[in-house]
Amino acid sequence: MMDNRISKKLTFFSLVFSIGMTLYHSMGPIGAGEIVCNSGVEEFLSAGVDNLRAILGSAAMHYFFFTSAFLLYYNIDDSNWKRKVSSRMMSLGIPYLVWNLPLIIIQLIKNKDIFNIRLLVSRVALYPFIGPSWYLLGLLVLLINVPIYMYINKTGGGAKVHAVICILIILINQYLANLDIYILSADFSEWVPKLIGYVPTYFFGVYCGLCCAEYYTNLVNNKLILVAMFGTSLFTMMKGSGNSVICILFVFSCWYLSDYFIDRINTDKFIFKCSFPIFMGHDLILCQLSFVFSKLGQIRGYFLLPLYIVITLFAVGIIYILMIALDRYCPKVLRMITGSRFYRK
């Protein structure tokens, strides 16, 4: 069992990085207009703001993949792995269908393809309608690794042998990806290349959950090292040269630095229960805003940061209000769309 501090940190960063993903995708509506920079200073500020937005989006996905793997493999053994896999399938599969199936059906009705069962199945299985839900589909695919690990563990291989196999899979996958050839064909959708990009982070989470959980759960006392790790990784990503390793360092430094303030944050507030709906639902709201910004014409570079913040707060606020209404009037629906994550009993 995780202690209370770890649970608070997981809850806190789930919200922070869900809002970070919203900020990252807020470029969608703004990009529908024309961004104009009339000076070097304005261009510099615009590029800096855009890099910061990209950092939050990249760090968020690395955090989610790492944490999902870590929690699944933390204390996993022969007695509980089937229960863990079953629970994970339910918490991923139900919200994936609830968020995507109705919209896919509506689209098929518009295209007069509603009676094409093969097309319906392929759209549900391969083409997520809600943009961020590719992450849920990717995690479902990665569950196939659990029985592989349990088999290796049962035959005496253990976590280290499994780690070597995972590294080989990552290297082969990345090599083929550079050749535009994927073990899982990328022809049918955009989400497979995205998933491949985060596979190293996921398997790093697997390894940490199996072999070195104490490094994730214990406080690193050297604040100077943490600040140096945070500053170096942030600067590297701001320069546009970040990769999976740099993003993981950034996430880890944020995680450990939070030990100095997490006890002062009340993660029982309802807003912290809205992280998953914010992650899943922000894209729908931002898509509607694109039409508005397409009518605004030119947007000065000086205004990018305020616009990003306003758009993000608007999307988060709308979802927060809807979650309050669902919690009060339709709690069963809230449980379905969140996969029973953070709902009030």
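Not measured: the values here are computed from a predicted model.

A.B. asks: Would you take a moment to explain the overall build of the protein for this structure?
C.D. replies: When helices and strands are counted, the protein shows 15 helices and two strands. Classification of the 345 residues of the protein by burial places 45% in the buried group.

A.B. asks: I'm lost on unusual backbone geometry in this one. Help?
C.D. replies: Generally, phi is negative for residues other than glycine and the peptide bonds are trans, each holding for most cases. Its identity as a non-glycine residue notwithstanding, N75 has a phi of 60°, on the positive side. Within the secondary structure, N75 sits in the loop between α3 (40-73) and α4 (81-110). Among the residues examined, N75 registers a relative accessible area of 47% and is labelled partly exposed.

A.B. asks: How do you make sense of the nonpolar core when you look at a structure like this?
C.D. replies: Core analysis: the biggest nonpolar cluster contains 83 residues, and M61, F64, F65 and Y202 have the highest contact counts within it. Top contributing element to this core by residue count: α3, with 12 residues. Once residues within four sequence positions are removed from consideration, F65 is found in contact with W134, Y135, L139, L142, L195, Y198, T201 and Y202.

A.B. asks: For this particular structure, what's the right way to read the pattern of salt bridges?
C.D. replies: Any two side chains of opposite charge can pair, given that their charged atoms come close. For the structure on display, the rule yields three salt bridges. A salt bridge links R5 to D259, with the shortest nitrogen-to-oxygen separation between them at 2.8 Å. Placement of R5 in helix α1 (residues 4-25) and of D259 in the loop between α12 (244-257) and α13 (275-294) is noted, with a sequence separation of 254 residues between them. With a relative accessible area of 27%, R5 lands in the partly exposed category. Where D263 meets R5, a salt bridge forms, and the shortest distance between an N and an O atom there is 2.7 Å. Taken together, the residues D263 in the loop between α12 and α13 and R5 in helix α1 connect sequence positions 258 residues apart. Through salt bridges with shared partners, a single ionic network connects R5, K9, D259 and D263.

About the criteria used
- The residue numbers shown here count from 1 along each chain, following its written sequence.
- For this predicted model, a pLDDT threshold of at least 70 governs which residues receive local features, and a threshold of 80 or more governs which side-chain atom pairs are given and counted, while totals over whole chains, interfaces and linings are taken from all residues.
- Excluding hydrogens and water, the side-chain figures rest on all heavy atoms present in the structure.
- Secondary structure elements are taken from DSSP: a helix is a run of H or I of four residues or more, a strand is a run of E of two residues or more, and numbering for both begins at the N terminus.
- For each residue, the accessible area found with a 1.4 Å probe, counting protein chains only, is set against the maximum for its type, and the residue is called buried under 20%, exposed over 50%, and partly exposed in between.
- Throughout this description, the term nonpolar core refers to a set of buried Ala, Val, Leu, Ile, Met, Phe, Trp, Tyr and Cys residues connected via side-chain atoms within 4.5 Å.
- Only heavy atoms matter for contacts: two residues are in contact if any of them lie within 4.5 Å across the pair.
- Between Lys or Arg on one side and Asp or Glu on the other, a salt bridge is scored when a side-chain nitrogen of the former is within 4 Å of a carboxyl oxygen of the latter.

Take it as geometry only, folks, not as evidence of what the structure does.
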